[in-house]
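# Summary of structural features
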Amino acid sequence: AELNQTKTTACGKYLAGMQGLSPPKCMVSLPADPQPADLAAVLTCTQKKTAWWRDLKATAMKLADSCDQASTAHANKKHTCDSAQTTYEATFCGYRSQLMS
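Residues numbered from 1 in each chain as written. Predicted model: local features only at pLDDT ≥ 70, side-chain atom pairs only at ≥ 80, totals over all residues. Heavy atoms only, no water.

### A word on the overall build of the chain
- Counting secondary structure elements, the chain contains two helices and zero strands.
- For the chain, the C-alpha radius of gyration of 26 Å lies well beyond 13 Å, the compact-globule estimate for 101 residues.
- Across its three principal axes, the chain shows a C-alpha extent of roughly 95 × 20 × 15 Å.
- Here the chain, with 101 residues, has 12% of them falling under the buried criterion.
- Here the analysis covers contacts within the chain between residues at least 6 apart in sequence; of these, 74% occur between residues at least 24 apart. (Helix = DSSP H or I, 4+ residues; strand = E, 2+ residues; numbered from the N terminus. Rg over C-alpha atoms; globule rule 2.2 N^0.38 Å. Buried < 20%, exposed > 50% of the residue type's maximum accessible area, 1.4 Å probe, protein only. Contact = heavy atoms within 4.5 Å.)

Right under this line is the structure:
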């Protein structure tokens, strides 16, 4: 249960981090065909955009890694538990059959 909660929390943070994106507002108004008078604003916006993408990438990579690690740990433990449960059930059924015969 603890690993499942860790996975749910880590992957929830990753999803929330990707849903609440706030790119620089200047990205919306960048001219498709900038004129000489627009170049300073385009450069400034490009610098803001570059910094935003860099920060987003770092955050996204960290959150994705946490989610992936928690998911892997949970999947590995689930596989171990499922195998143990299968063995237990088979053994119990064999024991019951011996009792009934």
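After that view, the rundown keeps rolling.
### Re the packing of aromatic side chains
- Applying the stated rule across the entire model yields three aromatic pairs.
- Considering the side-chain rings of Tyr 88 and Phe 92, the 6.3 Å spacing of their centres and the 25° angle between planes classify their relative orientation as stacked. Here Phe 92 and Tyr 88 lie together in helix H2 (residues 39-100), a separation of four residues that amounts to about one turn.
- Tyr 88 sits in the exposed class, given a relative accessible area of 52%.
- A connected cluster of aromatic rings, assembled from ring pairs, spans Tyr 88, Phe 92 and Tyr 95. (Phe/Tyr/Trp six-rings, centres within 6.5 Å; stacked < 30°, edge-to-face > 60°.)

### Considerations on the state of the cysteines
- In the structure shown here, the tally under the stated rule is two disulfides.
- Residue pairing for Cys 26: its cysteine sulfur links by disulfide to Cys 45, the two sulfurs lying 2.1 Å apart. On the sign convention where negative is left-handed, the bridge of Cys 26 and Cys 45, at about 85° about the S-S bond, is right-handed. Here Cys 26 is found in the loop between helix H1 (2-19) and H2, whereas its partner Cys 45 is found in helix H2, with 19 residues between them in sequence.
- For Cys 26, a relative accessible area of 21% gives the class partly exposed. (Disulfide = S-S within 2.5 Å.)

### Some details on H2
- With 62 residues, H2 extends 88 Å from end C-alpha to end C-alpha; this agrees with the ideal 92 Å at 1.5 Å per step.
- Inspection of H2 places Val 42, Cys 45, Trp 52, Leu 56, Ala 60, Leu 63, Ala 64, Cys 67, Ala 70 and His 74 among the buried residues, and these make up the whole buried set.
- Buried residues in H2 make contact with H1. (Expected span 1.5 Å × (residues − 1).)

Any link to function would need more than the numbers given here.
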